[in-house]
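# Coordinates in review
The chain contents come next:
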Amino acid sequence: CICRTPIDYIKPSRYRLVNKDIVKLIKDQNKAYGTKCFGLGNLNKMKQINDGGKLISEMVKADPYFEGKGVKVWTGDTMTAASVYHQLIDLPDFDM
C-alpha cells in the first residue's frame, strides 16, 4: 500500500512521486515475498498519472532489479470486479 492524499492525484507536479512510490512498492513486495503479479487499482492507473499504467510497466521493465524476475503489472480491474462480485453474493438475501 502506498500512502497518498487526494492532492497527489490532482497536482501534476506530484505524479512522478506517485509513480516512483508504486514501483518501489512493487520492488519491496517482490523482495520480501516474491510477489510477481501486481494490479494497480483505479486511482493508480489514471490516464493523467501514468497513461493507464503503461508508464509503471515501462518503469518496471527499465529497472535492472526486475530483469528475469517475471514481475507483471496490470490494471487490476479484473480483481476489482471479482471482489465486488464476492461481496455482493455474501450479502444476506441477495439473489442473483
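Because the structure is a prediction, the values reported are computed rather than measured.

The biggest cluster of nonpolar side chains holds 16 residues, and the ones touching the most others in it are I22, I26, I56, V60 and F66. Contributing elements (two or more residues each) for this core: α1 (15–33) and α3 (54–62). In terms of residues, this core owes the most to one element, α1, which gives five residues. Setting aside residues no more than four positions away along its own chain, V60 makes contact with V23, I26, F66, V71 and V73.

In this structure, V73 sits in strand β2 (residues 72–74). Look at V73 and you get partly exposed, because its relative accessible area is 21%. Residues V73 and E58, spaced 15 residues apart in sequence, show a C-alpha to C-alpha distance of 9.8 Å. What V73 contacts, discounting residues up to four positions off in sequence, is I26, F38, L40, I56 and V60.

What follows concerns the packing of aromatic side chains. Under the defined criterion, the tally for this structure stands at one aromatic pair. Directly above the ring of Y65 sits K31, whose terminal nitrogen or CZ lies 5.2 Å from the centroid. In this structure, K69 packs its charged tip against the face of Y65, placed 4.3 Å from the ring centre.

Another aspect to go through is the side chain of D8. Tracing the backbone shows D8 in the segment before α1. A polar side-chain atom of D8 sits 2.9 Å from the main-chain amide nitrogen of T5. Among the polar contacts made by the side chain of D8, one reaches the side chain of R14 at a distance of 3.1 Å. Discounting chain neighbours no more than four positions away, the residues touching D8 are R14, Y15 and V18.

This next bit is on the side chain of N44. Position of N44 among the secondary structure elements: in the loop between β1 (37–39) and α2 (47–50). Look at N44 and you get buried, because its relative accessible area is 18%. Side-chain polar atoms of N44 contact the backbone oxygen of L40, separated by 3.5 Å. Ignoring anything within four residues of it in the chain, the contact list for N44 reads I2, Y9, V18, I22 and N50.

This paragraph deals with the pattern of salt bridges. Tallying each qualifying case throughout the model produces six salt bridges. Two residues, D8 and R4, come together in a salt bridge whose shortest N-O distance is 3.5 Å. Classification of D8 by relative accessible area gives buried; the value is 5%. We classify R4 as partly exposed; its relative accessible area is 25%. Between D28 and K24 there is a salt bridge, with the nearest N and O atoms lying 2.7 Å from each other. Of this pair, D28 and K24 are both found in helix α1, four residues apart, which corresponds to roughly one turn of the helix. Each member of the salt-bridge network shares a partner with another, and the members are R4, D8, R14 and D21.

Rules behind the numbers
- Residues numbered from 1 in each chain as written.
- Predicted model: local features only at pLDDT ≥ 70, side-chain atom pairs only at ≥ 80, totals over all residues.
- Heavy atoms only, no water.
- Core = buried A, V, L, I, M, F, W, Y, C linked by side-chain atoms within 4.5 Å.
- Buried < 20%, exposed > 50% of the residue type's maximum accessible area, 1.4 Å probe, protein only.
- Helix = DSSP H or I, 4+ residues; strand = E, 2+ residues; numbered from the N terminus.
- Contact = heavy atoms within 4.5 Å.
- Phe/Tyr/Trp six-rings, centres within 6.5 Å; stacked < 30°, edge-to-face > 60°.
- Lys NZ or Arg CZ within 6 Å of the ring centre and 35° of its normal.
- Polar contact = N/O pair within 3.5 Å; in protein donor to acceptor, adjacent residues only side chain to side chain.
- Salt bridge = Lys/Arg side-chain N within 4 Å of Asp/Glu carboxyl O.

These figures capture arrangement, not role.
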